[in-house]
Amino acid sequence: MSRAFVDWLEKLKESQSWTAVRATLRRSLAFAPGVYPPAFPYVEAFVREEGWQREAHYLVAALYALKDGAHQEGRTLAQALKEAERARDSKSVERRFLALLDADRDQIAFRLRQAVGLVEGGLDFAQLLEDLLRWFDPRRRVQARWAREYYGVREEQTQEGIEEVKA
């Protein structure tokens, strides 16, 4: 279902009305997710239930518009934030990432908007939606996976370590 939603957003991006749609979805970020009526035509068809599931769809649509539809399959927000931290050589990105991981329902929209604003390039919005739909699982599996993606050892680092041991 998440992929179908992002495909719909991609189709909207290719339409002549994208500028107006983008403005509407971006404007919806000034409101709680799912309460800005002009955004309803672009999201409601994909909402199957009330509550967080509905809010997550509106939030992803608004963030997609914020990034001007820069969908990049396979590039998660955690990976993109790590790249932003390296590019800026700044620990403030890490602080925001940790705050995002700890976000509750009242904070998540604001913290996600901040995080996405730090990122250059596209994101996998289908994966972001899937992750948000599972965000409030008591086992916090999404947050743990994001932490592994952000802090985990990269393949090239592992390869360097192996070569150092051999030398």
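Everything below is about the structure printed above this text.
Nothing here was measured: the structure is a model prediction, and the numbers come from that model. (Residues numbered from 1 in each chain as written. Predicted model: local features only at pLDDT ≥ 70, side-chain atom pairs only at ≥ 80, totals over all residues. Heavy atoms only, no water.)

**Some remarks on the pattern of salt bridges**
Phase 1: According to the stated counting rule, one finds 15 salt bridges in the structure shown.
Phase 2: Here the residues in one salt-bridge network are K82, E85, K91 and E94, joined through shared partners. (Salt bridge = Lys/Arg side-chain N within 4 Å of Asp/Glu carboxyl O.)

**Observations concerning the environment of E83**
Phase 1: The topology assignment puts E83 in helix α5 (residues 77–88).
Phase 2: Its relative accessible area of 40% is what places E83 among the partly exposed residues.
Phase 3: Through-space distance from the C-alpha of E83 to that of E10 is 25 Å; in sequence the pair is 73 residues apart. (Helix = DSSP H or I, 4+ residues; strand = E, 2+ residues; numbered from the N terminus. Buried < 20%, exposed > 50% of the residue type's maximum accessible area, 1.4 Å probe, protein only.)

**Quick word on unusual backbone geometry**
Phase 1: Phi angles above zero are rare outside glycine, and D68 is one such case at about 55°.
Phase 2: Looking at the element boundaries, D68 is found in the loop between α4 (52–66) and α5.
Phase 3: In this structure D68 comes out as partly exposed when scored by relative accessible area, which is 39%.
Phase 4: Positive phi outside glycine occurs at D89, with the angle close to 50°.
Phase 5: Looking at the element boundaries, D89 is found in the loop between α5 and α6 (92–101).

**Some details on the environment of K82**
Phase 1: As for its placement among the helices and strands, K82 is situated in helix α5.
Phase 2: K82 gets classed as buried once you look at its relative accessible area, which sits at 15%.
Phase 3: Separated by 69 residues in the primary sequence, K82 and Y151 place their C-alpha atoms 8.0 Å from one another.
Phase 4: Side chain to side chain, K82 and E85 meet in a polar contact 3.0 Å long. (Polar contact = N/O pair within 3.5 Å; in protein donor to acceptor, adjacent residues only side chain to side chain.)

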